[in-house]
Amino acid sequence: KAGVTQTPRYLIKTRGQQVTLSCSPISGHRSVSWYQQTPGQGLQFLFEYFSETQRNKGNFPGRFSGRQFSNSRSEMNVSTLELGDSALYLCASSPGDVNTEAFFGQGTRLTVV
Amino acid sequence: GEDVEQSLFLSVREGDSSVINCTYTDSSSTYLYWYKQEPGAGLQLLTYIFSNMDMKQDQRLTVLLNKKDKHLSLRIADTQTGDSAIYFCAESIQGNTGKLIFGQGTTLQVKP
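Residues numbered from 1 in each chain as written. Chains lettered and ligands numbered in written order. Predicted model: local features only at pLDDT ≥ 70, side-chain atom pairs only at ≥ 80, totals over all residues. Heavy atoms only, no water.

*Asks:* I'm lost on the interface of chain B and chain A in this one. Help?
*Replies:* The figure often quoted for interface size is the accessible area lost as the parts come together. Counting from both sides, the interface comprises 20 residues of chain B and, opposite them, 23 residues of chain A. Counting the surface lost from both chain B and chain A, the interface buries some 1,800 Å², and carbon and sulfur atoms represent 50% of this. Run the count over chain B and chain A and you get 6 residue pairs in polar contact (both at pLDDT 80 or more). With 4 residues, strand 4 (residues 31-37) of chain B is the largest single contributor of residues to the side of chain B that touches chain A. Looking at the side of chain B that touches chain A residue by residue, the classes come out as 10 nonpolar, 9 polar and 1 charged. (Contact = heavy atoms within 4.5 Å. Buried area = accessible area lost by both parts, 1.4 Å probe. Polar contact = N/O pair within 3.5 Å; in protein donor to acceptor, adjacent residues only side chain to side chain. Helix = DSSP H or I, 4+ residues; strand = E, 2+ residues; numbered from the N terminus. Nonpolar A, V, L, I, M, F, W, Y, C, P; charged D, E, K, R; others polar.)

*Asks:* I would appreciate a short explanation of the environment of Thr-62 of chain B in the present structure.
*Replies:* Residue and element names in this part refer to chain B. In this fold, Thr-62 is placed in strand 7 (residues 61-66). Residue Thr-62 is classed as buried on the basis of its relative accessible area, which comes to 10%. Between the C-alpha atom of Thr-62 and that of Val-19, which follows or precedes it by 43 residues, the distance is 9.3 Å. Each residue touching Thr-62, except ones within four places of it in the same chain, is listed here: Met-55, Lys-56, Gln-57, Ser-73, Leu-74 and Arg-75. (Buried < 20%, exposed > 50% of the residue type's maximum accessible area, 1.4 Å probe, protein only.)

*Asks:* Sorry, what's going on with unusual backbone geometry here?
*Replies:* All names here are of chain A. Cis peptide bonds are those with omega within 30 degrees of zero, and the linkage from Thr-7 to Pro-8 qualifies with -10 degrees. Residue position: Pro-8 is located in the loop between strand 1 (5-7) and strand 2 (10-13). The backbone phi angle of Thr-80 is positive, close to 45 degrees, even though this residue is not glycine. Relative to the assigned elements, Thr-80 resides in the loop between strand 8 (74-78) and strand 9 (87-94). You can call Thr-80 partly exposed: its relative accessible area is 48%.

This is the structure:
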């Protein structure tokens, strides 16, 4: 069974640009959650998508958005990038109905210069 | 409120047991998790425990949960150098959602 796949693994962007990250969950899983990991703030929850609907949202500005497709693949978008958006972005896949196990991808390392 | 606290660093000798501690604040937590992160990698799920359990054992790993004190611990028996990593505890507050609240992570250093 394939694991959680995040693409790309590394990105370098310039301030003011926008970026789209992708996450393919484990086959059969319907929930995808996104997290931001930085040395200063640790792991912070961004949002969760379940059956193409945002089910939960963290405390991030509106520049951070996401969506989920009918095949459960999810994308997150960050617009008007700031230096502080440099982070490891992780997505987690879980069945969704009863949240027992959440499996993470390898992450996308975003550097904003 | 939602808050998870961990000590930041633990150093042990190879072959010893390691105990990593975690406290959480939300009494409605349903599942509590332990993840491992190696340098440059994502999070690896080690084990999890349902909030109505006191203990769970899985090979070298033992999880103890004291729900009254909101205290969770992870014991690694016969710690190996390959266990050196950052360990995160996390709570899932609303059982049917994918929102996990993480602690700051405990860096485990295993000396040969």
